[in-house]
Amino acid sequence: MTAPATPEPARSLWADAWRRLAKNRMAVICGALFVAICVFSFLGPYLAAWLAGLDPISQDPSLGATPPSWRHWMGTDTLGRDMMVRTMDGGRIAILVGLVATAVALVIGVSWGAVAAYVGGKVDELMMRIVDVLYAFPVVVFVIVIMTVLDNRSLYLLFALIGGVSWLNMARIVRGQVLSLRHREFVEAARAIGVPGRRILFRHIVPNTLGPIIVYTTLSIPSVMLTEAFLSFLGIGVQAPQASWGTLVTEGVTQIAVSPWVLIGPGLLMGMTIFALNFLGDGLRDALDPHMRTH
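Residues numbered from 1 in each chain as written. Predicted model: local features only at pLDDT ≥ 70, side-chain atom pairs only at ≥ 80, totals over all residues. Heavy atoms only, no water.

### Here we look at the overall build of the protein
Filter applied, for reference: For the purposes of this entry, the term helix denotes a DSSP run of H or I that reaches at least four residues, the term strand denotes a run of E that reaches at least two, and both are numbered from the N terminus. Remark: exposure states derive from per-residue accessible area (1.4 Å probe, protein chains only) relative to the maximum for the residue type, with buried under 20%, exposed over 50%, and partly exposed in between. Note on definitions: a residue-residue contact is assigned when non-hydrogen atoms from the two residues lie within 4.5 Å. We get accessible surface area from the Shrake-Rupley algorithm with a probe of 1.4 Å; when it comes to residues, only the shown protein chains can shield them. Charge counting treats Lys and Arg as positive and Asp and Glu as negative, with His and both chain ends excluded. One atom stands in for each charge, and that atom is NZ of Lys, CZ of Arg, CG of Asp or CD of Glu.
For the protein, the count of helices and strands is 12 helices and zero strands. The principal-axis extent of the C-alpha atoms belonging to the protein is close to 80 × 65 × 30 Å. Going through the 295 residues of the protein one by one, you find that 41% of them count as buried. By sequence separation, contacts in the protein at least 24 residues apart represent 70% of the contacts at least 6 residues apart. Accessible area of the protein: about 15,800 Å², with a carbon and sulfur share of 69%. For the protein, the separation between the mean place of its 22 positive charges and that of its 18 negative charges on side chains is 9 Å.

### A closer look at a nonpolar patch on the surface
Stated formally: To count toward a patch, a residue needs a relative accessible area over 30% and no salt bridge; like charges are then connected within 9 Å, while nonpolar side chains (Val, Leu, Ile, Met, Phe, Trp, Tyr) are connected within 5 Å. Criterion for a salt bridge: a side-chain nitrogen of Lys or Arg within 4 Å of a carboxyl oxygen of Asp or Glu.
On the surface, Val35, Val39, Leu43, Tyr46, Leu47, Trp50 and Leu51 cluster together into a nonpolar patch covering about 830 Å² of accessible area. Looking at where Val35 falls in the secondary structure, it is placed in helix α2 (residues 25–52).

### Things to note about the layout of surface pockets
Gaps left between atoms are located by rolling a probe of water-molecule size over the structure's atoms. Quick note on the threshold: Using a 1 Å grid laid over the protein atoms alone, points where a 1.4 Å probe fits but cannot get out form a cavity; open sets with protein on both sides within 12 Å along at least 5 of 7 lines form a pocket; any residue with an atom within 4 Å of a point counts as lining. Grid points are joined across faces, edges and corners, and a volume is the space filled by probe spheres set on the points.
Its boundaries defined by the atoms lining it, the largest pocket holds a volume of some 430 Å³. Of all the secondary-structure elements, those providing two or more residues to the lining of the largest pocket are α3 (83–119), α4 (121–135), α5 (139–150), α6 (155–164), α7 (168–181) and α10 (210–233). Per element, the largest residue contribution to the lining of the largest pocket is seven residues, and it comes from α10.

### Some remarks on the packing of aromatic side chains
The line we're drawing: Working definition: rings of Phe, Tyr and Trp (its six-membered ring) pair if their centres are within 6.5 Å, and the pair is stacked with planes under 30 degrees apart, edge-to-face with planes over 60 apart, and tilted otherwise.
In this structure the tally under the stated criterion is three aromatic pairs. Here Trp70 and Trp73 contribute two aromatic rings whose centre-to-centre distance is 6.2 Å and whose plane-to-plane angle is 50°, an arrangement assigned as tilted. For the pair Trp70 and Trp73, a shared accessibility class is recorded, and that class is exposed. Both rings, one in Trp112 and one in Trp167, keep their centres 5.3 Å apart while their planes meet at 55°; by these two values the pair is tilted.

### Overview of the nonpolar core
Worth spelling out the cut-off: Here, the term nonpolar core denotes a set of buried Ala, Val, Leu, Ile, Met, Phe, Trp, Tyr and Cys residues that are joined through side-chain atoms within 4.5 Å.
Membership of the largest hydrophobic core comes to 16 residues, with the highest contact counts inside it found for Val174, Val178, Leu201 and Ile205. Every element with two or more residues in this core is listed here: α3, α7, α8 (185–192), α9 (197–205) and α10. Residue contacts for Leu201: discarding those within four places in its chain leaves Ala114, Val115, Tyr118, Val178, Val206 and Pro207.

### Topic: α6
Within α6, burial applies to Leu157, Leu158, Phe159, Leu161, Ile162 and Gly163. Next to the buried residues of α6 lie α3, α5 and α10.

### Focus on the packing of α3 against α6
The following threshold applies: Angles run from 0 to 180 degrees between N-to-C directions of axes, and those axes are lines fitted to C-alpha atoms, restricted for helices to the stretch in contact. Here is the rule for angles: anything less than 35 degrees is roughly parallel, anything more than 145 is roughly antiparallel, 65 through 115 is roughly perpendicular, and the remaining ranges are oblique. In a left-handed crossing the near helix is turned counterclockwise from the far helix by less than a right angle, and in a right-handed crossing that turn is clockwise. Ten residues, namely Ala, Val, Leu, Ile, Met, Phe, Trp, Tyr, Cys and Pro, are considered nonpolar, four, namely Asp, Glu, Lys and Arg, are considered charged, and the remaining ones, Gly among them, are considered polar.
Contact pair α3 / α6: the axes reach a minimum separation of 7 Å and the direction vectors enclose 45°. Our classification of the angle between α3 and α6 gives oblique. Remark: the crossing between α3 and α6 carries right-handed chirality. Of the residues in α6, those in contact with Ile93, Leu96, Val97, Val100, Ala101, Val104, Ala105 and Ile108 of α3 are Leu155, Phe159, Ala160, Ile162, Gly163 and Gly164. Class assignment of the residues belonging to the contact of α3 with α6 gives a composition of 12 nonpolar, two polar and no charged.

### A word on α7
The condition that has to hold: Helix span, as expected, comes to 1.5 Å for every residue beyond the first.
If you check α7, its first and last C-alpha atoms are 20 Å apart, about what 14 residues at 1.5 Å a residue would give, namely 20 Å. Where α7 is buried, its residues meet α3, α4, α8, α9 and α10.

### Regarding the side chain of Thr217
On the secondary structure map, Thr217 appears in helix α10. Relative accessible area serves as the criterion here: at 16%, Thr217 is assigned to the buried category. If near-sequence neighbours (up to four positions away) are discounted, Thr217 is found in contact with Thr102, Leu106 and Met170.

### Examining empty space enclosed by the protein
Scanning the entire structure with this criterion turns up two cavities of 30 Å³ or more. Taken as a whole, the largest cavity spans an internal volume of roughly 40 Å³. In terms of residue class, the lining of the largest cavity is built from four nonpolar, one polar and two charged.

### Structural notes on the environment of Pro138
Within the secondary structure layout, Pro138 lies in the loop between α4 and α5. Residue class for Pro138 comes out partly exposed when judged on its relative accessible area of 47%.

### Focus on the pattern of salt bridges
Here the idea is simple: oppositely charged side chains can pair when their charged atoms come close. Enumeration according to the criterion identifies nine salt bridges in this entry. Note that Arg184 and Glu185 form a salt bridge whose closest N and O atoms lie 3.9 Å from each other. In this structure Glu185 comes out as exposed when scored by relative accessible area, which is 63%. Salt bridges sharing common partners tie together Asp77, Arg81, Arg86 and Glu251.

Structure follows, in structure tokens:
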């Protein structure tokens, strides 16, 4: 007589999601690539200063724009600044702008959309009409006007402004997801046993919207980077001598015919970052999809 099979222990949603994500080779590779780019951008400038005495600001006009060499692996720009160190430092600023501004938009958008959908009625109508009104204001124009009026070029203000006007799409996405979930069986069961509405919303409904939220977040980060690049091009964003990938690409485009290496480095890294985030987002969406969870 054979012994009965031991049942497989139940796994949590996050453990199950991690198992599925680990099986997605492309998502894992892209996640590792994004981490490597972050390490390159955040630690690289310190290592370059310690090992080679290079920094992103020091100029050597006599050197000018020189192609890649043993001393300067990615060449130098027209002012003789090392392009590899400038690309590292620009990546740090670009990634910080993308992450912080997207986090601000995530908090506002998720809270706004979730509350509007869950409460419903006139509250929902009023909150979404506010979103519609805000849609009428172009994001870039709004940021330019606020920064000009305040006469402030702080990076922290840039983070807050871009994030503060980038949450509208997130609010609509979360609202649609919550509307489809608020009358599901597990929500009605929670109401029946007296669970408070706030706990139902943020502990039971919102976690089930993580797939679309994460996918949209990974798409928002590159979009925020591009917004910052355009603002820097207009003289509103990152100010010299600091630089982001956006400003470096803008400078490189003007010199592509005579000094293509000035564009290739930051352009390649920005493209790789966007590529990695998009594929990582797809992998996270599949891993966190509750319909794919095995029981």
